[in-house]
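Each chain, written out:
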Amino acid sequence: MSRDPIKFFLPGPTFVRLDVREAMLADLIGHRSDAMGELYASIAPKLPPIFRTTGDVYIATSSSTLVMQGAIASTVGNRVLHLICGAFSQRWYDISVSLGIEADKIEVPLGEAIDPEVVRQALRRNSYDAVAFAHNETSAGVMNSASEISAVVHEESDALVLVDAVSSMAGIEVEVDEWGLDVTLSGTQKAFSIPPGLTFFHLSDRAIAQAEGVSKRGFYTDLLRYRDKHLAGGTITTPAISTIYAADVQLGHILDEGIENRWARHHACHARVTEWAAGTGFSFFPASHRSPTVSCLLPPEGVSALAIVSALAQRGWTIGTGYGPMKPDAIRIGHMGEVTVDDLNGLLLVIDQIVAELS
Ligand SMILES: Cc1ncc(COP(=O)(O)O)c(C=O)c1O
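Throughout what follows, the structure given in this document is the object of discussion. Since this is a predicted model, take the numbers as computed values, not measurements.

### Some details on the sheet that holds strand β4 (residues 102-107)
- The strand order β2-β10-β9-β8-β5-β3-β4 describes an open sheet built from seven strands, whose pairing is mixed. Two strands close off the open sheet at either side, each with one partner strand: β2 (57-60) and β4. Taken over all neighbouring pairs, the strand axes of this sheet differ in orientation by 20° on average, direction set aside.
- The sheet contact formed by strand β3 (residues 79-84) and strand β5 (residues 130-134) spans four bridges and is parallel. Residue pairing in the sheet places V80 in a bridge with A130 of β5.

### Focus: the site of the ligand
- Around the ligand, a shell composed of S63, S64, T65, M68, F88, R91, N136, T138, D164, V166, Q189 and K190 is seen.
- One nitrogen or oxygen atom from the side chain of K190 is found 2.6 Å from an oxygen atom belonging to the ligand.
- Notes on the ligand: free accessible area 390 Å², of which the protein chains cover 88%.
- Going through the elements one at a time, α4 (64-75) and α5 (87-98) are the ones with two or more residues in the shell around the ligand.
- In terms of residues, the shell around the ligand owes the most to one element, α4, which gives three residues.
- For the shell around the ligand, the class distribution of residues is three nonpolar, six polar and three charged.

### Here's the deal with the side chain of H270
- Checked against the element boundaries, H270 lands in helix α12 (residues 259-278).
- By relative accessible area, H270 is classed as buried at 16%.
- Other than its neighbours up to four places away in sequence, H270 contacts F284, R290, S291, P292, S295 and H335.

### Side note on the packing of aromatic side chains
- Taken as a whole and judged by the stated rule, the model has six aromatic pairs.
- Between F88 and Y323, the ring centres sit 5.3 Å apart and the planes meet at 55°, which makes this aromatic pair tilted. With a gap of 235 residues between them, F88 in helix α5 and Y323 in the loop between β13 (318-321) and β14 (331-334) connect regions that are remote in the sequence.
- Linked through ring pairs, Y58, F201 and Y226 together constitute an aromatic cluster.

Procedures and definitions
- Residues numbered from 1 in each chain as written.
- Predicted model: local features only at pLDDT ≥ 70, side-chain atom pairs only at ≥ 80, totals over all residues.
- Heavy atoms only, no water.
- Pairing = 2+ DSSP bridges.
- Helix = DSSP H or I, 4+ residues; strand = E, 2+ residues; numbered from the N terminus.
- Axes fitted to C-alpha atoms, helices over the stretch in contact; angles between N-to-C directions.
- Near = heavy atom within 4 Å.
- Polar contact = N/O pair within 3.5 Å; in protein donor to acceptor, adjacent residues only side chain to side chain.
- Areas by Shrake-Rupley, 256 points an atom, 1.4 Å probe, with all protein chains shown as cover.
- Nonpolar A, V, L, I, M, F, W, Y, C, P; charged D, E, K, R; others polar.
- Buried < 20%, exposed > 50% of the residue type's maximum accessible area, 1.4 Å probe, protein only.
- Contact = heavy atoms within 4.5 Å.
- Phe/Tyr/Trp six-rings, centres within 6.5 Å; stacked < 30°, edge-to-face > 60°.

Rendered as structure tokens:
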């Protein structure tokens, strides 16, 4: 499909195709109507191939933070271990603390990834119901090895593996079944390139069995309710019907592209940023474990990151600032969703011009 070059490179929300946005103009339907049943039946089978599972994937009308809370409330009876490497994995820990759950943490400095061997040692010291972490820490541009962490958790314990795949799913490899992930969640507004408002999530059989033994799962945060309604062919409450229309169209595009081709395109975008940075004086904030969907970069000496972001905005281009403490120092280029290397080349050229002006 031909389209204008993308000028919107936030690490979420991301660019959404016109036909996907137009799908939201469809007439509304009753959420318990036959038409909604058909819409649900159309969207439901499109999700498991993206999650790489033979199981079901459920739909919540909420941003992903609600399902992060749901994962804890539904599966953790006693104690959880959080792996923290940035703002979103910190948020997950804060959620557990806010629920009054006994929460331990392993924390690494911003820009570093979680070492699975450190997780192994923690699991030898204590027993946990679950280990929770962000696969791709959008705030720092770091990608953890979800497969290695999950393998260690399963080798050392019976704890569930809870994975925030918000900015990785539908962009880079996430193998839910092969890696043994127990709760995996992802928002529509990142690599899916669907407007914000929905979260898709999967529960393993182990996660379902463990949740059945947890007494206070809440209502909106009870992930088993979503499973039950899914089996009945719908959602637990009035869903964001218009966004589900959009999701149905875009998930079709994702499957048409092919999930592995989509992963390859994201890796190509990451490689392009890497090659460009090496020739321009930009350096990656993370020394290793760099995310293929979002690049967190430090500008050349003497050039202000915030000045780059605002000069781009004046020319009609959008990228992210650094996140939290990195806000004044870094830029974040989201190359997730529909972004191609050609789109990126357009952006990088403008950044080159801006840096020349600011230097
Ligand atoms: C890795 C990660 N986890 C969680 C979230 C929170 O998602 P939401 O804003 O949809 O609640 C984000 C949002 O940027 C994210 O990047």
